[in-house]
Amino acid sequence: MSTTPPGYREPFESVTSNDQTAWIVIAATLGTVYSLMFLGFRTFIRRTSGLGRLSSDDIALGAATLVAVVQSGVVLGACSSGLGKHWLSLDAEMQREVQQMTYASTLLFVIALGFVFLFLFNLMADPTQKKMLRIALASVVVWTVASFLALALQCDITHAWKTSGEKCEGSALRWQIISAFDILLEVLVICFAGYLVWDVQITSSKKWTVLSAFAVRLLTIITTIFRLTTFNQSALSTNPTFEAQFQVWIQAGMHVSTISATVLILRPVIYNLSTNYGSLGPTISHAYGAASQATYVMSNLSGVQRSRQADTKFGQSLAESRGTEYIASASVGHARNGAHRANVETESVESGSSQRMIIKKKTSWKIETYDKDAESGPRE
């Protein structure tokens, strides 16, 4: 007997003791909507800012969002075939379809996270830390490939998608190892950002703004922990379609990861981090003078003033940038170079050891004496 009041339609999905599909549908739908919304923000900012062709960062984050959306679509297709329902309530054909689509969605999940990590570490590219960057990118590639193979080959290789009635030994251990390295990479992203931004000559509040933007990644660690705690090794072979909580945390972790990577383009971060150290388009000005061979000529300071005013405008700052998300690089990607240049300029002005970019004034005196009693005139 229906409990729906008169004049109302039956709900699209309902949660019962044998059907938890609604939770998966809600998680996948909301995650897809928000991921596409943030991707739309990013696309809009790029188009209105007059930026050039796509960079490698744009491609990596775009690929991550695309794979995440496709993964959620596969999960929604699996829900229409019975994912979230009790295994015994499905016929043989539905059981096969659900297992195949769940298997494909798990592999797409790993690929999406791999693209996100590639984007994050490439975003923090620092010319002075090339070796460290190469190690980080290599670690991401190794983690992605190893996780993909570990999940793809966890059961019988002849029909790897099938888990019901199979002895998929070590599945829980595989997820534990994958999740541990997932958390490790997230921590490295935050620590690497903090290491690069800390020596930049900006106020502490701006530094904390950058770190807060990257600290949003801590939410993905929380989803990873919940995903790991809701994995049921025994249900994988006895009731694989009824793992609604595990699927919900997969959706949450994947979409939070893609969305938090796009948070770096938001206006508060961009406004606070316009340090002119390279990320928002380097502004080359001559505050002290321009050298031409042995002569120093004064520069027009009005151009410098206009440049400073332009840097405080959100749209113009974006127009000068190579990519909107590179605001993080204002204090991260080129932090060391910026701090080094600032130190060099400070030392040049305050010390006498350097003669570059310093205006000198040379004054010569000519002394003339007069004899009061003489009518002839001045003598040197």
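Residues numbered from 1 in each chain as written. Predicted model: local features only at pLDDT ≥ 70, side-chain atom pairs only at ≥ 80, totals over all residues. Heavy atoms only, no water.

Asker: Please give an account of empty space enclosed by the protein that cites residues and values.
Answerer: Summed over the entire model, instances satisfying the criterion amount to 3 cavities of 30 Å³ or more. One number sums up the size of the largest cavity: a volume of about 300 Å³. Around the largest cavity, the lining comprises 20 residues; the ones closest to its centre are Thr 102, Thr 106, Gln 154, Thr 163 and Leu 236. Put simply, the parts of the chain that give the lining of the largest cavity at least two residues each are α3 (92-123), α5 (171-197) and α9 (244-262). Residue contributions to the lining of the largest cavity peak at 5 residues, all from α3. In terms of residue class, the lining of the largest cavity is built from 10 nonpolar, 9 polar and 1 charged. (1 Å grid on protein atoms, 1.4 Å probe; cavity = no way out; pocket = protein on both sides within 12 Å on 5 of 7 lines; lining within 4 Å. Points joined across faces, edges and corners; volume = space filled by probe spheres on them. Helix = DSSP H or I, 4+ residues; strand = E, 2+ residues; numbered from the N terminus. Nonpolar A, V, L, I, M, F, W, Y, C, P; charged D, E, K, R; others polar.)

Asker: Describe in detail the state of the cysteines, supporting the description with residues and values.
Answerer: On inspection of all chains with the given rule, the structure shows 1 disulfide. Disulfide pairing is shown between Cys 155 and Cys 168; the S-S distance is 1.7 Å. Because the torsion about its S-S bond is 110°, the bridge between Cys 155 and Cys 168 counts as right-handed. Of this pair, Cys 155 sits in the loop between α4 (130-152) and α5 while Cys 168 sits in the loop between α4 and α5; the two residues are 13 residues apart in sequence, bridging distant segments of the chain. (Disulfide = S-S within 2.5 Å.)

Asker: Break down the side chain of Ser 171 for me, with residues and values.
Answerer: For Ser 171, the location among the structural elements is in helix α5. At 3.2 Å, the side chain of Ser 171 forms a polar contact with the side chain of Gln 154. Not counting the four nearest positions on each side in its chain, Ser 171 is found in contact with Gln 154, Phe 231, Gln 233 and Leu 236. (Polar contact = N/O pair within 3.5 Å; in protein donor to acceptor, adjacent residues only side chain to side chain. Contact = heavy atoms within 4.5 Å.)

Asker: Break down the packing of aromatic side chains for me, with residues and values.
Answerer: All chains considered together, the criterion is met by 7 aromatic pairs. Seen from their ring centres, Phe 38 and Phe 41 are 5.7 Å apart, and the 70° between their planes marks the pair as edge-to-face. One end of the pair, Phe 38, and the other, Phe 41, are both in helix α1 (residues 21-48), 3 residues apart, so they sit about a helical turn from each other. Since its relative accessible area comes to 16%, Phe 38 is described here as buried. (Phe/Tyr/Trp six-rings, centres within 6.5 Å; stacked < 30°, edge-to-face > 60°. Buried < 20%, exposed > 50% of the residue type's maximum accessible area, 1.4 Å probe, protein only.)

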